[in-house]
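# Inside the fold
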Amino acid sequence: MEIRRATPGDAGEVLTLQRAAFLREAQRYDDPHLPMLTETLAEIEAVIAGPVTVLVGHQGGRLVAVGRGRLDDQGTCHIARLAVAPDLRGQGLGRRMLRAVETAHHEARRFELFTGAASHDNIRLYERNGYTEFDRRSLGRGPGLVYLAKPAVR
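We now turn to the structure provided with this report. Treat the numbers as computed from the prediction; the structure is a model and nothing was measured.

## A closer look at the pairing of strand E7 (residues 145–151)
- Within E7, six of the seven residues are buried, which leaves it mostly tucked inside the rest of the structure.
- Two elements, strand E5 (residues 110–116) and E7, share seven bridges in a ladder whose sense is antiparallel. Bridged to Arg110 within E7 is Pro151.

Written as C-alpha cells, this is what we have:
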C-alpha cells in the first residue's frame, strides 16, 4: 500500500471508502446517522484543505485506506476516521495507516483516539499498537465510546 497526503481530488473516493467502511459500525450500533456516514463531500473537501492531515492509502490504483490526524496546542495528535476497505480488512492496512498518521505527526507528544465501546476489533487493533484506555463516555444510548491514548516514542 502506498500512503500519501490526500488532495482535493481524493475527496470523492474518501467519501465512498468511509461510507463503506463504517457501514458495519452503523449496523453494530443501529445508528445510520454516525458522523462518518453523514459527512458530505463538501465537508470532506474542507477537511482535506484545512489543518487536518488526511492520509490515503492506494493499492493497485484503488483507494483502500484513509486516516486523519490533528495536532492540538498541547502536543496531542487526535487520530480519527481510520478506515479500511471492507474486503481488505485483516491484512494489516489499518495498522499501517495508523502508523502513517502517527509518523506524519512526529512532533506529537501523545496520540489519542476513540471508538465505539462495542467495536472490539478496533479496540484490539489500538491496544496491539500501544494504546491504552483512559476514558469511557456515554452517548445517552448504546454502549458509548472508549478513548485510548499512547505517548509518542522519541
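Don't stop here, the text continues.
## Concerning the packing of aromatic side chains
- Summed over all chains, the structure comprises three aromatic pairs.
- Linked through ring pairs, Phe114, Phe134 and Tyr147 together constitute an aromatic cluster.
- Just above the ring of Tyr147 sits the side chain of Arg137; from NZ or CZ to the centre is 3.9 Å.

## Thoughts on the sheet that holds strand E1 (residues 2–5)
- Within the open sheet, the seven strands sit side by side as E1-E2-E3-E4-E5-E7-E6. Their pairing is mixed. Two strands close off the open sheet at either side, each with one partner strand: E1 and strand E6 (132–137). Adjacent strand axes in the sheet meet at a mean angle of 25 degrees, parallel and antiparallel pairs treated alike.
- Taken together, the six bridges between strand E3 (residues 62–71) and strand E4 (residues 76–84) define a ladder with antiparallel strand orientation.

## Focus: the packing of helix H1 (residues 11–29) against helix H3 (residues 41–49)
- Packing of H1 against H3 brings their axes to within 9 Å, and their N-to-C directions diverge by 115 degrees. Here the hand of the crossing between H1 and H3 comes out right-handed. Note on element contacts: H3 touches H1 through Leu41, Ile44, Glu45 and Ile48, opposite Ala11, Gly12, Val14, Leu15 and Gln18.
- Of the residues in the contact of H1 with H3, the class split is six nonpolar, two polar and one charged.

## Focus: unusual backbone geometry
- Positioned with a positive phi, Arg81 is a non-glycine residue whose angle comes to about 50 degrees.
- Of note, Arg81 is situated in strand E4.

## Topic: helix H4 (residues 93–104)
- For H4, built from twelve residues, the straight-helix expectation of 16 Å at 1.5 Å per residue is met to within 8% by its first-to-last C-alpha distance of 16 Å.
- Among all positions of H4, only Leu93, Gly94, Met97, Leu98, Ala100, Val101 and Glu102 are buried.

## Side note on the environment of Gln59
- Considering the arrangement of structural elements, one finds Gln59 in strand E2 (residues 53–59).
- Sequence separation of Gln59 and Met1 is 58 residues, and the distance between their C-alpha atoms is 4.8 Å.
- Sequence-distant contacts of Gln59, that is, excluding residues within four places in its chain, are made with Met1, Val64, Leu88 and Leu93.

## Focus: helix H5 (residues 120–128)
- Buried residues of H5: Ile123, Leu125 and Tyr126, and no others. Summarising the axial view, the buried residues of H5 lie within an arc of 160 degrees, below the 170-degree limit, and thus occupy one face.
- Considering only its buried residues, H5 is in contact with E4, H4, E5 and E7.
- Of the residues flanking the end of H5, it is Gly130, one or two places downstream, whose phi is positive at about 95 degrees.

## Some words on the side chain of Glu39
- For Glu39, the position within the fold is in the loop between helix H2 (35–38) and H3.
- Within the local environment of Glu39, its side chain forms a polar contact with the side chain of Gln18, the two groups lying 2.8 Å apart.
- One polar contact links Glu39 to Arg68, side chain to side chain, over a distance of 2.8 Å.
- When neighbours within four sequence positions are excluded, Glu39 is seen to be in contact with Leu15, Gln18, Arg19, Ile44, Val47, Arg68 and Arg81.

Calculation criteria
- Residues numbered from 1 in each chain as written.
- Predicted model: local features only at pLDDT ≥ 70, side-chain atom pairs only at ≥ 80, totals over all residues.
- Heavy atoms only, no water.
- Buried < 20%, exposed > 50% of the residue type's maximum accessible area, 1.4 Å probe, protein only.
- Helix = DSSP H or I, 4+ residues; strand = E, 2+ residues; numbered from the N terminus.
- Pairing = 2+ DSSP bridges.
- Phe/Tyr/Trp six-rings, centres within 6.5 Å; stacked < 30°, edge-to-face > 60°.
- Lys NZ or Arg CZ within 6 Å of the ring centre and 35° of its normal.
- Axes fitted to C-alpha atoms, helices over the stretch in contact; angles between N-to-C directions.
- Left-handed = near helix turned anticlockwise from the far one by under 90°.
- Contact = heavy atoms within 4.5 Å.
- Nonpolar A, V, L, I, M, F, W, Y, C, P; charged D, E, K, R; others polar.
- Expected span 1.5 Å × (residues − 1).
- Arc of directions from axis to C-beta.
- Polar contact = N/O pair within 3.5 Å; in protein donor to acceptor, adjacent residues only side chain to side chain.

Geometric values such as these leave the question of function open.
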